[in-house]
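Structural overview for review
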Amino acid sequence: MHRLTTSFWLGFHGCDSVVAERLLAGDPFDESQNDYDWLGWGRYFWESDPGRALQFARESRDRRRRGGAAGEPEGKPAVVGAVIDPGLCFDLTTVRATRMLAEAHARLVPTFAAIGIDPPQNRGGLHRLDCAVINMFHQLRADIGDPPVDTVRGIFPEGGAAFDGSGLSRLTHTQICVRNPDAIIGVFRVSDRLMQPA
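Just so it is clear, the structure is predicted and the values come from calculations on it, not from any experiment. (Residues numbered from 1 in each chain as written. Predicted model: local features only at pLDDT ≥ 70, side-chain atom pairs only at ≥ 80, totals over all residues. Heavy atoms only, no water.)

**Comments concerning the pairing of strand β2 (residues 43-47)**
Counting buried positions along β2 yields five of five residues, so the element is predominantly enclosed. The alternating pattern of β2 places Arg-43, Phe-45 and Glu-47 on one face and Tyr-44 and Trp-46 on the opposite face, and all of these are buried. Sheet topology places strand β1 (residues 9-16) next to β2; two bridges connect them, and they run antiparallel. For Phe-12, the partnering residue across the bridge sits in β2 and is Trp-46. (Buried < 20%, exposed > 50% of the residue type's maximum accessible area, 1.4 Å probe, protein only. Helix = DSSP H or I, 4+ residues; strand = E, 2+ residues; numbered from the N terminus. Pairing = 2+ DSSP bridges.)

**Quick look at the confidence of the model for the protein chain**
For the protein chain, mean pLDDT is 92; residues scoring 70 or higher make up 95% of the total. Confidence, expressed as mean pLDDT per element, reaches its minimum in the protein chain at helix α2 (residues 50-67) with 88 and its maximum at β2 with 98. (pLDDT = per-residue confidence, 0-100.)

**Considering the pattern of salt bridges**
Note on pairing: side chains with opposite charge can pair once their charged atoms come close. The final tally for this structure, using the stated rule, is nine salt bridges. Here Arg-22 and Asp-27 are joined by a salt bridge, their closest N and O atoms 3.8 Å apart. Since its relative accessible area comes to 39%, Arg-22 is described here as partly exposed. Looking at Asp-27, the relative accessible area reads 38%, which means it is partly exposed. Three or more residues are tied together by salt bridges with common partners; here these are Glu-47, Asp-91 and Arg-153. (Salt bridge = Lys/Arg side-chain N within 4 Å of Asp/Glu carboxyl O.)

**A few points about the nonpolar core**
Leu-39, Phe-90, Leu-92, Leu-108 and Val-152 are the most contacted members of the largest nonpolar core, which totals 22 residues. When contributions to this core are tallied by element, the ones reaching two or more residues are α3 (95-114), α4 (128-143) and β7 (151-156). Per-element accounting of this core gives the leading share, seven residues, to α4. Judged by nonpolar contacts, the second largest core, of 15 residues, contains Phe-29, Phe-45, Ala-82 and Ala-183. (Core = buried A, V, L, I, M, F, W, Y, C linked by side-chain atoms within 4.5 Å.)

**Brief notes about unusual backbone geometry**
Of note in the backbone geometry, Ser-48 takes a positive phi value of approximately 60° without being a glycine. Positionally, Ser-48 belongs in the loop between β2 and α2.

Okay, structure coming up:
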């Protein structure tokens, strides 16, 4: 955890065009509170990758259609850009943060044992254990009166090998979870050319 980031981040939020227009008009980003959110609860952005945000928006639309979700906007996939101040950042690319994660996990396991159930597990691409551990980290900070974290940042290898024999993954990305909505300095419309494949 640190305040060492010396610049703002450009984050990209995949959504549908109805939601995008509301955000561009000044509506706040909804906080995601799924039990499988990779970085705990907050507002999610793809760092520096509007094309991946658009891909996510398309995948979300396709899942809604397959699942027959009623009442959800059916606008076309869209991306909104945001300027984000990292502030107090729980940066999971640092050794200190991963050590803190291990400490939060060590506190989480007995909590579940005390109520007689197993802790959640990461399975099938759903990060329920990661989410519970990170949310536990935030709760532990609150319990001792430490200031809340503004942002959480993590890097995730995903999508199989980039090429035959590669140790690099095709869809590796940096995810930003904004916990403090005031860390979102502004939003902007993303140019179509930035969302095209290279």
